[in-house]
Amino acid sequence: MQLHLSSWPEIDKYLETSKAIVIPIGSTEQHGPNGLLGTDALCPEIIARRAGDDSGILVGPTFNVGQAQHHMAFPGTITLRPSTMIAAMMDWAQSLTRHGFERIYWLNGHGGNINTINAAFSEMYHGISFGEAGTNKPPLRCMLRNWWELSGVMDVCKQLFPVGEGSHATPSEVSVTYFGYPEAVKRVEMSPKIAPNGPIFDAEDYRRRFPDGRIGSDPSQASVEAGEKIVNAAVKAVIAEFQRFAAS
Ligand code: NI
């Protein structure tokens, strides 16, 4: 079930049985020569939508622009300042709590978002303590899960790509997007085959260290079939974890 494809009476009805929602959250940033700019938003979205279709859990719209400053030397990347992202996440959460949601499961697709997402949770909880202390309203609870850390997913990725997984523009994440959008598959020769590794500082330095955008990866291995295997493992794990969280 997807919020933006539902009517308000349907959401009203859903709230009678559950106060929990999944929000896919990601980034719009370069993902190497054959990866889509939307990769980090598309991966959690593809997984969450499948989970929603299979189990009836409610999936909200994707928060699809995040912390991508270090990718700004590549065309197409869009980024938010951390303060803007925190403010926007708070407004999304407050809108949902206004309607009665009490559990928000943020399924994240971008490592660069983690610090800011946790800071946003802290701002939300401060707002509740300072603004609504003494009320009997049940408190909002948020949970962050990076999709690649879902139970069993990393094992599947390691099996599929024992060499050249790397840490940015990985064959696993590119495969997930190819499974979701097979019409977007791109065949590109990579040189070197496996990209260099190294630290991340700011945008200009990033492009000097990683000229085609990849870090440690060989995403030319990506395929629709691999993406399907990863998504199947992730969907199963999301449904189980979301249901535990919703009941917590
Ligand atoms: Ni990524």
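All figures in this text were calculated on a predicted structure; none of them were measured in a lab.

## Notes on the overall build of the protein
Each helix and strand in the protein was counted, giving eight helices and three strands. Starting at the N terminus and walking to the C terminus, you meet the elements of the protein as α-β-α-α-β-α-β-α-α-α-α. For the protein, the C-alpha radius of gyration of 19 Å lies close to 18 Å, the compact-globule estimate for 248 residues. Dimensions along the principal axes, computed over C-alpha positions, put the protein at roughly 60 × 35 × 30 Å. Buried positions account for 50% of the 248 residues belonging to the protein. Taking the intrachain contacts of the protein between residues at least 6 apart in sequence as the baseline, contacts between residues at least 24 apart amount to 77%.

## Some details on the coordination of the nickel ion
Every protein donor of the nickel ion is listed here as H31 (NE2), D40 (OD) and E173 (OE), and their distances to the metal cover 2.0 to 2.1 Å. In the primary structure, the donors to the nickel ion are separated according to the pattern H-x8-D-x132-E. Taken as a pair, D40 in helix α2 (residues 39-55) and E173 in helix α6 (residues 171-180) lie far apart in primary sequence, 133 residues in all. Relative accessible area serves as the criterion here: at 3%, D40 is assigned to the buried category. Overall, E173 belongs to the buried group, its relative accessible area being 7%.

## What about the pairing of strand β1 (residues 20-25)?
Counting buried positions along β1 yields six of six residues, so the element is predominantly enclosed. Going residue by residue along β1, you find A20, V22 and P24 tucked away on one face and I21, I23 and I25 tucked away on the opposite face as well. Two strands pair when backbone bridges link them, and β1 and strand β2 (residues 103-108) are joined in this way by six bridges, in the parallel orientation. Pairing of I25 across the sheet is with N108, part of β2.

## Description of the nonpolar core
Where a protein is soluble and globular, its nonpolar side chains tend to be buried together. Core analysis: the biggest nonpolar cluster contains 57 residues, and M89 and M124 have the highest contact counts within it. Broken down by element, this core gets its largest block of residues, 11 residues, from helix α8 (residues 224-246). Those residues in contact with M89 that sit more than four places away from it in its chain are I25, F63, W106, I117, A120, F121 and M124.

## Examining the pattern of salt bridges
Evaluation of the coordinates by the stated rule reveals five salt bridges. Measuring nitrogen to oxygen at the nearest pair gives 3.7 Å for the salt bridge that ties R49 to E45. Residue R49 and its partner E45 are located together in helix α2, separated by four residues, close to a single helical turn.

## Considerations on the sheet that holds strand β3 (residues 141-146)
Read from one edge to the other, the open sheet built from three strands follows the order β1-β2-β3, with strand pairing classed as parallel. Looking along the sheet, the strands with just one partner apiece sit at the ends: β1 and β3. Looking at each pair of strands side by side, their axes are set apart by 20° on average, direction ignored. Where α2 meets the sheet, it contacts β1 and β2, and its direction lies at approximately 150° from that of β1. Each of β1, β2 and β3 is contacted by α8, which is oriented at about 155° to β2, the strand it contacts most.

The rules behind these values
Residues numbered from 1 in each chain as written. Predicted model: local features only at pLDDT ≥ 70, side-chain atom pairs only at ≥ 80, totals over all residues. Heavy atoms only, no water. Helix = DSSP H or I, 4+ residues; strand = E, 2+ residues; numbered from the N terminus. Rg over C-alpha atoms; globule rule 2.2 N^0.38 Å. Buried < 20%, exposed > 50% of the residue type's maximum accessible area, 1.4 Å probe, protein only. Contact = heavy atoms within 4.5 Å. Donors = N, O, S within 2.8 Å, 3.2 Å for Na, K, Ca; no water. Pairing = 2+ DSSP bridges. Core = buried A, V, L, I, M, F, W, Y, C linked by side-chain atoms within 4.5 Å. Salt bridge = Lys/Arg side-chain N within 4 Å of Asp/Glu carboxyl O. Axes fitted to C-alpha atoms, helices over the stretch in contact; angles between N-to-C directions.

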